[in-house]
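Observations on the model geometry
Okay, here's what each chain looks like letter by letter:
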Amino acid sequence: MAVTIQEVARAARVSTSTVSNVLNGRHGRMLPATKLRVEETIARLGYRPNRAARQLRTGKLQMLGLVVPSVANPFWGTFAHLVESIALKSGIRVLLCNSERDADRESEYLEELWADGISGVLLCSSLPSIAHVQPFLERGMTIVAFDRTSQLGDPALINISVDNSLGSRLATSHLLELGHRRLAFVSGKVTSVNRQERLDGFLRTLDRAGVPVDPALVYRDAADRAADRAADRAADRAGDLDAAELGRLAARELLARPAAPTAIVAINDLFAIGVCAGVRDAGLRVGRDVSVVGFDDISLAGLTSPALTTVRQPLPEMA
């Protein structure tokens with residue numbers, strides 16, 4: 001049977017309000033010995049505050065919602081871990097949701113979070129339009145958007161991001177400095193703000209360098225094409241192809257062309273790791289025959305052979 005706050009108060013020989021003050025960090029005028037006695041009693045009896053009751057009293061729930069595209073990508077798994085670690089230091093729990101960058105799914109999650117009393121959400125979708133969050137802002141939900149530059153102009157919506165265009169320009173400039181002039185860009189569908197910014201950075205860097213852009217080397221719908229090519233292998237797996245596999249199939253197609261690229265910029269590290277596999281499938285060597293650059297600097301980037309050249313996002317600082 002659950003221990004009540006009244007039982008804690010009786011065992012510690014204090015009032016219930018004193019126990020409540022200890023639980024909520026309000027012990028500035030409390031004798032240290034009283035605070036210690038209450039804490040020891042809470043630990044000895046195994047008392048756990050009733051979250052629902054606390055919400056009724058304060059109107060707030062000590063939880064944050066974290067909506068990411070998918071923790072199947074190590075980048076988002078790492079980010080979620082960092083956010084949770086930081087939140088726990090303040091006694092805040094994190095509820096994780098995977099949206100697959102689907103606006104309807106995001107709206108459903110936001111509705112459920114709001115219904116559960118969670119009014120603070122970290123939204124990591126980077127969708128071109130986030131008008132679907134406006135109703136929640138109007139209700140009073142506070143949303144921090146991750147990795148986007150365009151906002152709704154509402155002060156309740158804050159943005160945390162790197163300069164994706166600059167990162168892509170750095171990656172492309174690095175390859176140009178190595179002497180490459182046949183550069184390819186590999187991505188899935190460019191349906192998010194950060195992906196569009198990275199593609200724009202790639203194209204603008206080539207233009208400023210006077211290097212012609214070959215449209216055939218801008219591989220921006222890898223998901224559709226890769227799924228088509230996978231159909232004859234296993235139709236039931238076609239919908240489950242991950243970013244690494246898409247990058248691998250994209251590299252195979254690009255390198256099979258008469259005027260194949262000598263360098264490839266990938267939209268993120270998972271795509272880049274797949275591209276490296278595709279380079280090896282073609283009987284070529286990464287870093288010698290074909291240069292590859294990723295984006296994110298996930299933990300797997302340093303485990304490839306050779307280690308993946310990538311643009312690092314400062315995840316701890318962003319979290």
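These notes cover the structure that comes with them. By convention here, each chain's residues receive numbers from 1 onward along its written sequence. Given that this is a predicted model, residues contribute local features only at a pLDDT of at least 70 and side-chain atom pairs are listed and counted only at 80 or more, while totals for whole chains, interfaces and linings are drawn from all residues. Hydrogens and water molecules were not included; the side-chain quantities draw on all heavy atoms of the structure.

1. Looking at the overall build of the protein
Every helix listed is a DSSP run of H or I at least four residues long, and every strand listed is a run of E at least two residues long, numbered separately from the N terminus. Each helix and strand counted, the protein has 13 helices and 10 strands in total. Considering only contacts in the protein between residues 6 or more positions apart, those separated by 24 or more positions represent 63%. In short, Shrake-Rupley with a 1.4 Å probe defines the accessible areas, and a residue's cover is counted only from the protein chains shown. Just so you have it, the protein exposes about 16300 Å², and 51% of that area is on carbon and sulfur atoms. We call two residues in contact when some of their heavy atoms are within 4.5 Å.

2. Focus on the environment of Leu127
Here Leu127 lies in the loop between strand E3 (120-123) and helix H7 (134-139). Remark: exposure states derive from per-residue accessible area (1.4 Å probe, protein chains only) relative to the maximum for the residue type, with buried under 20%, exposed over 50%, and partly exposed in between. Leu127 sits in the buried class, given a relative accessible area of 8%. For the pair Leu127 and Asn194, spaced 67 residues apart in the sequence, the C-alpha separation amounts to 8.5 Å.

3. Describing the packing of helix H2 (residues 16-23) against helix H3 (residues 32-45)
Interaxial distance between H2 and H3 falls to 10 Å at its minimum, and their mutual angle equals 85°. The angle between H2 and H3 falls in the class roughly perpendicular. Each of Thr18, Val19, Val22 and Leu23 in H2 lies in contact with H3, whose residues at this interface are Thr34, Lys35, Val38, Glu39 and Ile42. We call Asp, Glu, Lys and Arg charged. Ala, Val, Leu, Ile, Met, Phe, Trp, Tyr, Cys and Pro are nonpolar, and the rest, Gly among them, are polar. For the contact of H2 with H3, the residue count by class is five nonpolar, two polar and two charged. Axes here refer to lines fitted to C-alpha atoms; in helices the fit is confined to the stretch in contact. Angles between the N-to-C directions go from 0 to 180 degrees. Should an angle fall under 35 degrees it is taken as roughly parallel, and over 145 as roughly antiparallel, whereas 65 to 115 is taken as roughly perpendicular and any remaining angle as oblique.

4. Focus on helix H8 (residues 164-177)
In this model, H8 (14 residues) spans 20 Å end to end at C-alpha, consistent with the 20 Å of a helix rising 1.5 Å per residue. Where H8 begins, the side chain of Asp163 points an oxygen toward the backbone nitrogen of Ser165, at a separation of 3.2 Å. Following H8 by one or two positions, Gly179 has its phi on the positive side, about 100°. Here the expected span of a helix is defined as 1.5 Å times the quantity of residues minus one. Nitrogen and oxygen atoms within 3.5 Å of one another constitute a polar contact, given that in protein one can donate a hydrogen and the other can accept it, and given that sequence-neighbouring residues count only through two side-chain atoms.

5. Notes on the pairing of strand E9 (residues 291-296)
By the criterion of burial, E9 is predominantly enclosed, with six of the six residues buried. For the segment spanning strand E8 (residues 263-266), helix H12 (residues 269-281) and E9, crossover handedness is right-handed. Any two strands between which DSSP finds at least two bridges are classified as paired. Pairing of E9 with strand E10 (residues 309-312) involves four bridges; the strand directions are parallel. In the strand pairing of E10, Val293 is matched with Thr309. Crossover handedness is defined by viewing with both strands directed away from the observer: a clockwise path from the first strand over the helix to the second marks the crossover as right-handed.

6. Re unusual backbone geometry
Residues Ser305 and Pro306 are joined by a peptide bond in cis, for which omega reads 0°. With respect to the helices and strands, the residue Pro306 is situated in the loop between E9 and E10. The backbone of Arg13 sits at a positive phi, close to 60°, despite the residue not being glycine. Here Arg13 falls in the exposed class, since its relative accessible area comes to 63%. Located in the positive-phi region is Asp297, a residue other than glycine, with phi close to 65°. Note that Asp297 resides in the loop between E9 and E10.

7. Concerning a negative patch on the surface
Taken together, the side chains of Glu100, Asp102, Asp104, Glu108, Glu112 and Asp116 define an acidic patch exposed on the protein surface. By the secondary structure assignment, Glu112 is in helix H6 (residues 103-115). Residue Glu112 is classed as partly exposed on the basis of its relative accessible area, which comes to 48%. Patch building starts from residues that exceed 30% relative accessible area and form no salt bridge, then joins like charges within 9 Å and nonpolar side chains (Val, Leu, Ile, Met, Phe, Trp, Tyr) within 5 Å. In what follows, salt bridge is the name for a side-chain nitrogen of Lys or Arg lying within 4 Å of a carboxyl oxygen of Asp or Glu. In this tally, Lys and Arg are treated as positive and Asp and Glu as negative; His is ignored, and so are the chain termini. All charge positions are set by atom: Lys at NZ, Arg at CZ, Asp at CG, Glu at CD.

8. Notes on the environment of Phe295
Mapped onto the elements of the fold, Phe295 is located in strand E9. Among the residues examined, Phe295 registers a relative accessible area of 3% and is labelled buried. Put simply, Phe295 and Thr309 are 14 residues apart on the chain and 8.5 Å apart in space, counted from C-alpha to C-alpha. If we skip the residues at most four places from it in the chain, Phe295 touches Asn164, Gly167, Ser168, Arg198, Ala266, Ile267, Asn268, Asp269, Thr310, Val311 and Gln313.

9. Details of the packing of H8 against helix H9 (residues 193-208)
Where H8 contacts H9, the two axes come as close as 7 Å, and the packing angle between them is 40°. Compared by their axis directions, H8 and H9 come out oblique. Classified by chirality, the crossing of H9 by H8 is right-handed. Across the interface between the two elements, Asn164, Ser165, Ser168, Arg169, Thr172, Ser173 and Leu176 of H8 pack against Asn194, Glu197, Arg198, Gly201, Phe202, Thr205, Leu206 and Arg208 of H9. Per-class residue counts for the contact of H8 with H9 are three nonpolar, eight polar and four charged. Should the near helix be turned anticlockwise from the far one by less than a right angle, the crossing is left-handed, and should it be turned clockwise, the crossing is right-handed.

10. So, the packing of aromatic side chains
Any two rings among Phe, Tyr and Trp, with Trp reduced to its six-membered ring, count as a pair given centres within 6.5 Å; such a pair is stacked if its planes are under 30 degrees apart, edge-to-face if over 60, and tilted if neither. What the rule picks out here adds up to six aromatic pairs. For the pair Phe75 and Trp76, a centre-to-centre distance of 4.9 Å together with 85° between the ring planes defines the contact as edge-to-face. Taking relative accessible area as the criterion, Trp76 reaches 6% and is therefore assigned buried. Seen in terms of ring centroids, Trp76 and Phe79 are 6.0 Å apart; in terms of plane orientation they differ by 85°. Their pairing is edge-to-face. Highlighted residues: Trp76 and Phe79, both in helix H5 (residues 74-88), separated by three residues, approximately one helical turn. Given the relative accessible area of 3%, Phe79 is considered buried. Clustering of aromatic rings is evident, with ring pairs tying together Phe75, Trp76, Phe79 and Phe146. For Arg198, the ring lying beneath its charged end belongs to Phe295, and the centroid distance is 3.7 Å. Only lysine NZ and arginine CZ atoms are considered, and such an atom sits over a ring when it is within 6 Å of the ring centre and within 35 degrees of the ring normal.

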